[in-house]
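# Coordinate inspection notes
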Amino acid sequence: MIAGALFALAGGETALASVEILPCHGTPSPYRLLVTSQGVKSNRGYLVANLYGSDRRRWLADNGWLNVWRDRAVPGDETMCLYLPGPGSYALVMFQDANSNGDLDLGPFGPREGYGFSNNVRPFLSAPSLASALFTVGPGDTRISIRLRYPAIP
């Protein structure tokens, strides 16, 4: 994150206010999502964000997402800024694409790379429902956090 300063001149005096400057993915709009991925384990590959709308038929379907963004992975907690197309209900899937192949790799017991869902929904024996992962976005900034979960066996 880069810290910046905003200067304003008012009545001959200079006012200084601290402003957080974070590069934001997508087409600029009045709707921004600031999502913090917690627990990124390494700098291998990318941190990927898949955004879904409220259509149950598209939830987790191949190419069912509204948009996909990625940043280089950074260990620890990483915040990604995403411009959204408008207000409404969305769900987000984050994962660390450690081998940079563009997919969340799956094994016989589930994901082989770190992953997480909005609302920190924890799947049990199947993918979570869309309803459990939906969050609401209005004008301005919406902030959410997603704890990444990594498999016990690589």
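Everything below is about the structure printed above this text.
The notes below deal with the structure included here. Note that this is a predicted model, so its numbers are computed, not measured. (Residues numbered from 1 in each chain as written. Predicted model: local features only at pLDDT ≥ 70, side-chain atom pairs only at ≥ 80, totals over all residues. Heavy atoms only, no water.)

## What about the nonpolar core?
Among the nonpolar cores identified, the biggest contains 20 residues, and L33, V35, M80, L82, L84, L92 and M94 are the most heavily contacted of them. Only β4 (31-40), β5 (46-52), β7 (76-83), β8 (88-97), β12 (135-137) and β13 (140-147) provide two or more residues apiece to this core. Among the elements that take part in this core, β4 stands out by supplying four residues, more than any other. Ignoring anything within four residues of it in the chain, the contact list for M94 reads V35, S37, L47, V48, A49, M80, G114, Y115, G116, I146 and L148. Y46, Y115, V121 and L130 belong to the second-largest nonpolar core, a separate cluster that totals twelve residues. (Core = buried A, V, L, I, M, F, W, Y, C linked by side-chain atoms within 4.5 Å. Buried < 20%, exposed > 50% of the residue type's maximum accessible area, 1.4 Å probe, protein only. Helix = DSSP H or I, 4+ residues; strand = E, 2+ residues; numbered from the N terminus. Contact = heavy atoms within 4.5 Å.)

## Points about the state of the cysteines
In the structure shown here, the tally under the stated rule is one disulfide. Through a disulfide, C24 is tied to C81; the S-S separation comes to 2.1 Å. The sign of the -75° torsion about the S-S bond sets the C24-C81 disulfide as left-handed. Of the two residues, C24 sits in strand β3 (residues 24-25) while C81 sits in strand β7, which places them 57 residues apart along the sequence. Residue C81 is classed as buried on the basis of its relative accessible area of 0%. (Disulfide = S-S within 2.5 Å.)

## Considerations on the sheet that holds β4
If you walk across this open sheet you meet the four strands as β3-β7-β4-β13, and the pairing is mixed. In the strand order of this sheet, the two ends are held by β3 and β13, each with one partner. When β4 meets β7, the two strands line up antiparallel, connected through seven bridges. If you follow V40 over to β7, its bridge partner there is G76. (Pairing = 2+ DSSP bridges.)

## Here's the deal with the environment of W59
Considering the arrangement of structural elements, one finds W59 in the loop between β5 and β6 (67-72). As for W59 and A91, which are separated by 32 residues in sequence, their C-alpha atoms are 8.5 Å apart. Those residues within four positions of W59 in sequence are excluded, and the remaining contacts are Y52, A91, V93, F117, P128, S129, L130 and A133. A distance of 2.9 Å separates a polar atom in the side chain of W59 from the backbone oxygen of P128. (Polar contact = N/O pair within 3.5 Å; in protein donor to acceptor, adjacent residues only side chain to side chain.)

## Some thoughts on the packing of aromatic side chains
Tallied over the entire structure, the rule returns three aromatic pairs. Between Y52 and W59 the ring centres are 5.1 Å apart and the planes differ by 75°, which places this aromatic pair in the edge-to-face class. Among the residues examined, Y52 registers a relative accessible area of 5% and is labelled buried. In this structure, R70 is placed above the aromatic ring of Y46, and the distance from its NZ or CZ to the ring centre is 3.8 Å. (Phe/Tyr/Trp six-rings, centres within 6.5 Å; stacked < 30°, edge-to-face > 60°. Lys NZ or Arg CZ within 6 Å of the ring centre and 35° of its normal.)

## Things to note about unusual backbone geometry
Even without being glycine, N63 reaches a positive phi, approximately 60°. Structurally, the position occupied by N63 is in the loop between β5 and β6. You can call N63 exposed: its relative accessible area is 58%. For S100, which is not a glycine, the phi torsion comes out positive at approximately 55°. Here S100 lies in the loop between β8 and β9 (106-107). Overall, S100 belongs to the partly exposed group, its relative accessible area being 37%.

## Focus: the environment of G110
Residue position: G110 is located in strand β10 (residues 110-111). C-alpha separation for the pair G110 and P123, spaced 13 residues apart in sequence, amounts to 10.0 Å.

Treat this as a map of the structure, not an account of what it does.
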